[in-house]
Amino acid sequence: MTYSYYPGCSLHSSAKEFDISTRVVMQELGIELEELEDWSCCGGSIAAGVSHEVGMALAARNVVLAQQKNRDLLASCSGCYNKSAKAAKALENETERNKITPILSQMGMSVSDSNIKVRNVVDVLVNDVDISSRIKKPLRGLKVACYYGCLLTRPQELTGWDSPVFPMSMDKLSQICGAEVVDFRSKTKCCGGPILVPQEKVAFELTKRLLDEAKSLGADCMVLACPLCANNLELRQPDIEKAYNVSYKLPILYITEIIGLALGIKPGKLGINKHVVSPKPVLAKLGF
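This section reports on the structure supplied with the text. (Residues numbered from 1 in each chain as written. Predicted model: local features only at pLDDT ≥ 70, side-chain atom pairs only at ≥ 80, totals over all residues. Heavy atoms only, no water.)

### A short note on the overall build of the protein
Phase 1 of the analysis: Per the secondary structure count, the protein includes 13 helices and eight strands.
Phase 2 of the analysis: What you see for the protein is a C-alpha radius of gyration of 19 Å, in line with the 19 Å of a compact globule of 288 residues.
Phase 3 of the analysis: Based on the C-alpha atoms only, the size of the protein along its principal axes is roughly 55 × 45 × 30 Å.
Phase 4 of the analysis: Looking at the protein as a whole, 54% of its 288 residues are labelled buried.
Phase 5 of the analysis: Sequence separation of at least 24 residues holds for 75% of the intrachain contacts in the protein that already meet a minimum separation of 6.
Phase 6 of the analysis: Each charge class in the protein was averaged separately, 34 positive and 31 negative side chains, and the resulting centres sit 5 Å apart. (Helix = DSSP H or I, 4+ residues; strand = E, 2+ residues; numbered from the N terminus. Rg over C-alpha atoms; globule rule 2.2 N^0.38 Å. Buried < 20%, exposed > 50% of the residue type's maximum accessible area, 1.4 Å probe, protein only. Contact = heavy atoms within 4.5 Å. Lys, Arg positive; Asp, Glu negative; His and termini not counted. Charge placed at Lys NZ, Arg CZ, Asp CG, Glu CD.)

### Section: the sheet that holds strand 6 (residues 180–181)
Phase 1 of the analysis: Here we have four strands laid out as an open sheet, ordered 6-5-7-8, and parallel in their pairing. A single partner strand is all that each edge strand has here, and the edge strands are strand 6 and strand 8 (252–254).
Phase 2 of the analysis: The pairing of strand 5 (residues 143–146) with strand 7 (residues 221–224) spans three bridges and is parallel. Of the residues in strand 7, the one forming a bridge with A145 is M222.
Phase 3 of the analysis: Running at roughly 160° to strand 5, helix 7 (residues 169–176) makes contact with strand 5, strand 6 and strand 7 of the sheet. (Pairing = 2+ DSSP bridges. Axes fitted to C-alpha atoms, helices over the stretch in contact; angles between N-to-C directions.)

### Description of the packing of aromatic side chains
Phase 1 of the analysis: Counted by the stated rule, this structure contains four aromatic pairs.
Phase 2 of the analysis: Judged by centre distance (5.4 Å) and plane angle (75°), the ring pair of Y6 and W39 falls under edge-to-face. You can see Y6 sitting in strand 1 (residues 2–6) and its partner W39 sitting in the loop between strand 2 (32–35) and helix 2 (46–50), a full 33 residues away along the chain.
Phase 3 of the analysis: A cation sits over an aromatic face here: K137 above F288, 5.0 Å from the ring centre.
Phase 4 of the analysis: The ring of F166 has K187 lying over it, and the distance from NZ or CZ to the ring centre is 4.0 Å. (Phe/Tyr/Trp six-rings, centres within 6.5 Å; stacked < 30°, edge-to-face > 60°. Lys NZ or Arg CZ within 6 Å of the ring centre and 35° of its normal.)

### Regarding the packing of helix 3 (residues 52–69) against helix 5 (residues 94–106)
Phase 1 of the analysis: Orientation of helix 3 relative to helix 5, taken along the N-to-C sense of each, is 75°, at an axis distance of 9 Å. Judged by the inter-axis angle, helix 3 sits roughly perpendicular to helix 5. Taking contact as the criterion, the partners of H52, E53, V54, M56, A57, A60, R61 and V64 in helix 3 are, on helix 5, E96, K99, I100, I103 and L104.
Phase 2 of the analysis: Residues belonging to the contact of helix 3 with helix 5 are distributed by class as follows: eight nonpolar, one polar and four charged. (Parallel < 35°, antiparallel > 145°, perpendicular 65-115°, else oblique. Nonpolar A, V, L, I, M, F, W, Y, C, P; charged D, E, K, R; others polar.)

### Concerning the pairing of strand 5
Side chains on a regular strand alternate between the two faces of the sheet.
Phase 1 of the analysis: Strand direction decides the pairing type here: strand 5 and strand 6, joined by two bridges, are parallel. Residue pairing across strands places V144 opposite V181, the latter belonging to strand 6.
Phase 2 of the analysis: Considered for its hand, the β-α-β crossover made up of strand 5, helix 7 and strand 6 is right-handed. (Right-handed = clockwise from strand over helix to strand, strands pointing away.)

### Examining the sheet that holds strand 1
Backbone hydrogen bonds hold the strands of a sheet together, and the pairing may be parallel or antiparallel.
Phase 1 of the analysis: One open sheet holds the four strands; their spatial order is 2-1-3-4, and the pairing between them is parallel. In the strand order of this sheet, the two ends are held by strand 2 and strand 4 (118–120), each with one partner. Here the strands of the sheet are splayed against their neighbours by 40° on average, with no regard to which way each runs.
Phase 2 of the analysis: Taken together, the four bridges between strand 1 and strand 2 define a ladder with parallel strand orientation. Pairing of Y5 across the sheet is with E35, part of strand 2.

### So, the pattern of salt bridges
Close approach of charged atoms allows side chains of opposite charge to pair.
Phase 1 of the analysis: Evaluation of the coordinates by the stated rule reveals 15 salt bridges.
Phase 2 of the analysis: Between R119 and D128 there is a salt bridge, with the nearest N and O atoms lying 2.9 Å from each other.
Phase 3 of the analysis: Judged by relative accessible area, R119 falls into the buried class, the value being 13%.
Phase 4 of the analysis: Residue classification places D128 among the partly exposed positions, given a relative accessible area of 33%. (Salt bridge = Lys/Arg side-chain N within 4 Å of Asp/Glu carboxyl O.)

### Considerations on unusual backbone geometry
Phase 1 of the analysis: Residue P155 follows R154 across a cis peptide bond; omega there is -10°.
Phase 2 of the analysis: Looking at the secondary structure, you find P155 in the loop between strand 5 and helix 7.
Phase 3 of the analysis: One non-glycine residue, N245, lies in the positive phi region at around 55°.
Phase 4 of the analysis: Take N245: it is sitting in the loop between helix 10 (237–244) and strand 8.

### Structural notes on helix 11 (residues 255–262)
Phase 1 of the analysis: When you tally the buried positions in helix 11, you get eight out of eight residues, the bulk of the element.
Phase 2 of the analysis: Within the sequence span of helix 11, burial applies to I255, T256, E257, I258, I259, G260, L261 and A262.
Phase 3 of the analysis: Positive phi appears at G264, one or two residues downstream of helix 11, with a value of about 90°.

Below, the structure is given as structure tokens:
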């Protein structure tokens, strides 16, 4: 099984551990990832604010690159996945496609007839792979809070592989790995990532609510699949602790990292040492 792999900007910078663990885990599971040659930023939520057509064309460019290889496109980042899936859907709509193709033409690209699918790493791991038979080091005793955020499973007509209201895919994967999943009711509530710069106080409050709930449930860590959410929950965690005079020290891990640990892969090989909030308590609890 081979996918065209789109890491996106964050996985080559602030979320390197997500990129590393995705590649290592997929290789361990027999899934080949061929990184898109000459991929570009999907535009995130920024480009669309300037121009819907240009923003969509930026994401569509990567979809077209995958079309040329006639392989489904795999994105780890929730934001990249969501934007790429929207672009793929737009290319199937004549009205939308006619708005995008002139911009793609200026980039020297033409849309193929190959209707490839855009997949997220969580979707593939929960629906296409038998992980249970490969578990070597069950995560017994580890309590995790699975956080999905706004984009991973929404909107349903775009994603469709998990509930947009109360998703369970990462919960299932964590349980397969032997972890105890806490009843995290805020799993799809916004962390405030998109408004961090213009509305820092509001973003901090939204993030704090998530950390408060996870901590109150006795979670040893939060598990997610979005670098933007990780920016708020992990990179800004010390700032929130200082602003509200609280202490969390709550590790924020990517779903691929905990799967990798359960597969018996050494933490260093998964890039876990790159986290800002130390994951040492998690590793110690698991005997690493």
